[in-house]
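Here is how the chains run, residue by residue.
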Amino acid sequence: MPEQPPVLSIRRLHKSFTLHTIDGRTVSSLRGVDLDVHAGEHVALAGASGAGKSSLLRCVHRSYLPDSGSVRLLAAAGSDPVELTTLDDRAMARLRGREFGYVTQFLAAPPRTGPLEVVAGAAGRRGLDRVGAVAAAAGALRRLNLEEALWDVDCSLLSGGERQRVNLAAGTVCPPRLLLLDEPFSALDPANREAALQLVASLATRGVAVLAVFHELDAMRRLASRVVLLRDGRIAGEGAPEQMVEAMA
């Protein structure tokens, strides 16, 4: 049986930044990155600060527009891949809502909006009707141990760990084709971190392609099926988690 095409395919990706407030110099963040992520695969990006890990996630999400290269998403099995670098902003926003989860350390929620509405909104953008979206949101928040008394509290009033759990619930509810994680467990206490780890681990059996940045080696060992080491904006190596953790030591 032929190998299924990747959910995410990145080719010759370059990204640089001009430091206008210093002396106008240009700093290269990504230098020709090639990477594929398949359905059910969990790829962890490793490397020192400034290696290009978060820049790569943001170029996939199109928070950053690459200088050159290709980022292609297979939005549905049997469909043609979509080139994200040339998609117009409105179409990109719709595609993000349906096909992407993007979980960072920080929650961006509309003013005066509670966790249940934030997560139900994400579920609705992924195709559920209102009743189904609310039910899915409630299930996601319960799985991450967010007390029901907080579900209608303005997200800006929640603690850092509570906001991070809301963000993770919104990113994983009604699981998307592609999940991007950028230090998603940084503010969690041990019990809630364990619940979050179990949730992300379960996504592999549901065919979700995951591209992640972790600073904790334990999370990388437990979740990643492959670790890709970035150095100076280039892929310096890749392999199984134990092999790559030893190489980084």
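Treat the numbers as computed from the prediction; the structure is a model and nothing was measured. Along each chain, the written sequence defines residue order, and numbers are assigned to residues from 1. For this predicted model, a pLDDT threshold of at least 70 governs which residues receive local features, and a threshold of 80 or more governs which side-chain atom pairs are given and counted, while totals over whole chains, interfaces and linings are taken from all residues. Only hydrogens and water are set aside when side-chain values are computed; all heavy atoms of the structure are taken into account.

Undergrad: Describe the packing of aromatic side chains, and please don't skip the residues or the numbers.
TA: Stacked, edge-to-face and tilted labels apply to pairs of Phe, Tyr and Trp rings (six-membered ring for Trp) whose centres lie within 6.5 Å, assigned for plane angles under 30 degrees, over 60, and everything in between, in that order. For the structure on display, the rule yields 2 aromatic pairs. When the centroid spacing of 5.7 Å and the interplanar angle of 10° are considered together, the rings of F185 and F214 count as stacked. With F185 in the loop between β7 (178-182) and α6 (190-202) and F214 in the loop between β8 (209-213) and α7 (217-223), this pair connects stretches of sequence that are 29 residues apart. By the burial criterion, F185 is buried, and F214 matches it. Each ring is checked for a lysine NZ or an arginine CZ that lies within 6 Å of its centre and within 35 degrees of its normal; such an atom marks a charge sitting over the ring. A cation over a ring is seen here: K15 above F17, with NZ or CZ 5.1 Å from the ring centre. What counts as a helix is a DSSP run of H or I of at least four residues, what counts as a strand is a run of E of at least two, and both are numbered from the N terminus. Under the scheme applied here, a residue whose accessible area is under 20% of the maximum for its type counts as buried, over 50% as exposed, and between as partly exposed, the area being computed with a 1.4 Å probe on protein chains only.

Undergrad: I'd like a description of the side chain of T113, backed by residues and values.
TA: Mapped onto the elements, T113 comes out in the loop between β6 (100-103) and α3 (115-125). For this analysis, a polar contact is any N or O atom pair within 3.5 Å, provided that within protein one partner can donate a hydrogen and the other can accept it, and provided that sequence-adjacent residues contribute only side-chain to side-chain pairs. Polar side-chain contacts of T113 include one of 3.2 Å to the backbone oxygen of P110. If we ignore the near neighbours within four places in the chain, the residues touching T113 are V118, V153, D154 and C155. Residue contacts follow a heavy-atom distance rule, with two residues in contact if any of their heavy atoms lie within 4.5 Å.

Undergrad: Explain the side chain of N167 to me, and be specific about the residues and the numbers.
TA: Counting through the fold element by element, N167 comes out in helix α5 (residues 160-172). Aside from chain neighbours lying at most four places away, what touches N167 is Y102, V103, T104, F106 and L107.

Undergrad: An account of helix α1 (residues 53-61) is requested, with residue identities and associated values reported.
TA: With 7 of 9 residues buried, α1 lies mostly within the body of the structure. Of all the residues in α1, the buried ones are K53, S55, L56, L57, C59, V60 and H61. Backbone geometry just downstream of α1 places R62 in the positive-phi region, at approximately 70°.

Undergrad: Tell me what's going on with the sheet that holds strand β4 (residues 68-73), and back it up with residues and numbers.
TA: In space, the 4 strands of this open sheet follow the order β2-β1-β4-β5, with antiparallel pairing throughout. Across the chains shown, the open sheet's two edge strands, defined by having one partner strand only, are β2 (26-37) and β5 (82-83). Two strands pair under a simple rule: DSSP has to find at least two bridges between them. Bridge count between β4 and β5: 2 bridges; the pairing is antiparallel. If you follow L73 over to β5, its bridge partner there is V82. Against the sheet, α1 touches β1 (8-18), β2 and β4, its axis set at about 110° to β1. Only the stretch in contact is used when fitting a helix axis, every axis being a line fitted to C-alpha atoms; angles between N-to-C directions are given from 0 to 180 degrees.

Undergrad: Describe the environment of D129, and please don't skip the residues or the numbers.
TA: For D129, the position within the fold is in the loop between α3 and α4 (130-143). A sequence separation of 47 residues divides D129 from P176, and the C-alpha atoms of the two residues are 16 Å apart.

Undergrad: Which residues make up the packing of α3 against α4, and what values go with them?
TA: Direction vectors running N to C along α3 and α4 enclose 120°, while the axes themselves pass 8 Å from each other. Classed by the angle they form, the pair α3 and α4 counts as oblique. In this structure, the crossing between α3 and α4 has a hand that is right-handed. Residue-level inspection shows P115, L116, E117, V119, A120, A123 and G124 of α3 in contact with α4, the latter providing R130, A133, V134, A136, A137, A138, A140 and L141. As a working rule, the residues Ala, Val, Leu, Ile, Met, Phe, Trp, Tyr, Cys and Pro are called nonpolar, Asp, Glu, Lys and Arg charged, and the rest polar, with Gly in that last group. Split by residue class, the contact of α3 with α4 holds 12 nonpolar, 1 polar and 2 charged. Small angles under 35 degrees read as roughly parallel and large ones over 145 as roughly antiparallel, with 65 to 115 read as roughly perpendicular and the rest as oblique. Take the far helix as your reference; a near helix turned counterclockwise from it by less than a right angle gives a left-handed crossing, and one turned clockwise gives a right-handed crossing.

Undergrad: Outline the packing of α3 against α5, supporting the account with residue identities and numerical values.
TA: Helices that pack against each other are described as a pair by the angle of their axes relative to one another and the distance between those axes. Contact geometry of α3 with α5 gives a least axis separation of 8 Å together with a crossing angle of 20°. When the axes of α3 and α5 are compared, the pair comes out roughly parallel. For the crossing formed where α3 meets α5, the hand is right-handed. Seen from α3, the contacting residues are P115, V118, V119 and A122; seen from α5, they are V166, A169 and A170. Considered class by class, the residues forming the contact of α3 with α5 number 7 nonpolar, no polar and no charged.

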